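Chain residues, written in single-letter form:
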Amino acid sequence: MINQNSEILNKLFFTELQMLVEKYNKIDEATKKNIESIVTNLKDEELQAYLMRNPNKLLEMLQEIDEVDEDVVTFFVWYNLEIKPISIHKSKECIEELKSNKYIEIEEYLIYQDERYLKEYARELLEDRLDQEYYVDKLFEKETIIEMWINKTTKDEMIDEIVDSGDLEETLELYPQEAFSIGGIQYKYAELEE
């Protein structure tokens, strides 16, 4: 019963409640098993709670995929919770790329396993950045630039030195946060600067 002195509102409430009960009683056994599998296989309680508060996301997964892949589900729920809405199909593509490259760039975010896997990404980014005065000034002290010029250091040699020498997260100005865990591997994410 609701806290209103209205017989009509109480009837509406009970009618809606009855329809909700009927809806859940009509769920077939296969769908029930898929729902239970999806929710129980999410290891992160926060992701589980999000999915329980957003049954439309659960319904989207059930309608869009034939086979439940725990990794895709984890990514899908995490991305929808932390970043913004993403489709289950896009999540599947992202997981495939993440598993093969150990990192992905999706919109303005970089999601990666560990900074040691960012060397290829860093090379591509530095190739562009080392053509811009702003980044050259930011990356190198004046003495280093003079030394590179005198020694006729090539751009490729500098990229190699930067990539192999140090903290790529700092060099790329990434401020990572913990993202999600898949198969015992913790992933990070960082918002990319424009």
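Residues numbered from 1 in each chain as written. Predicted model: local features only at pLDDT ≥ 70, side-chain atom pairs only at ≥ 80, totals over all residues. Heavy atoms only, no water.

> Please clarify how the overall build of the chain should be interpreted in this entry.
Looking only at helices and strands, the chain has 11 helices and four strands in total. Radius of gyration (C-alpha) of the chain: 25 Å, far over the 16 Å computed for a compact globule of 194 residues. Within the chain, the fraction of its 194 residues that count as buried is 32%. When contacts within the chain are restricted to residue pairs at least 6 apart in sequence, those whose partners lie at least 24 apart make up 51%. Carbon and sulfur atoms form 48% of the exposed surface of the chain, whose accessible area is close to 13100 Å². Looking at charge distribution, the chain has the averaged site of its 22 positive side-chain charges lying 5 Å from that of its 48 negative ones. (Helix = DSSP H or I, 4+ residues; strand = E, 2+ residues; numbered from the N terminus. Rg over C-alpha atoms; globule rule 2.2 N^0.38 Å. Buried < 20%, exposed > 50% of the residue type's maximum accessible area, 1.4 Å probe, protein only. Contact = heavy atoms within 4.5 Å. Areas by Shrake-Rupley, 256 points an atom, 1.4 Å probe, with all protein chains shown as cover. Lys, Arg positive; Asp, Glu negative; His and termini not counted. Charge placed at Lys NZ, Arg CZ, Asp CG, Glu CD.)

> In this structure, what is going on with the environment of Thr154? I would like to understand it.
Here Thr154 shows up in the loop between helix H9 (142-150) and helix H10 (155-165). When its relative accessible area of 38% is taken as the criterion, Thr154 is described as partly exposed. Considering only alpha carbons, one finds Thr154 and Ile38, 116 residues apart in sequence, at a separation of 52 Å.

> I'm lost on the pattern of salt bridges in this one. Help?
Side-chain pairing between opposite charges can occur once the charged atoms of the two side chains come close. For the coordinates displayed, the defined rule picks out 11 salt bridges. Residue Lys90 is joined to Glu93 by a salt bridge in which the shortest nitrogen-to-oxygen separation is 4.0 Å. Here Glu93 and Lys90 lie together in helix H6 (residues 88-101), a separation of three residues that amounts to about one turn. Judged by its relative accessible area of 37%, Lys90 is partly exposed. Put simply, Arg123 and Asp160 hold a salt bridge, and the shortest N to O gap is 2.5 Å. On the criterion of sequence distance, the pair formed by Arg123 in helix H7 (residues 119-129) and Asp160 in helix H10 is long-range, its members being 37 residues apart. Using a relative accessible area of 32% as the deciding quantity, one classes Arg123 as partly exposed. The exposure class of Asp160 is partly exposed, given its relative accessible area of 34%. One salt-bridge network, in which partners are shared between bridges, spans Glu127, Asp131 and Lys155. (Salt bridge = Lys/Arg side-chain N within 4 Å of Asp/Glu carboxyl O.)

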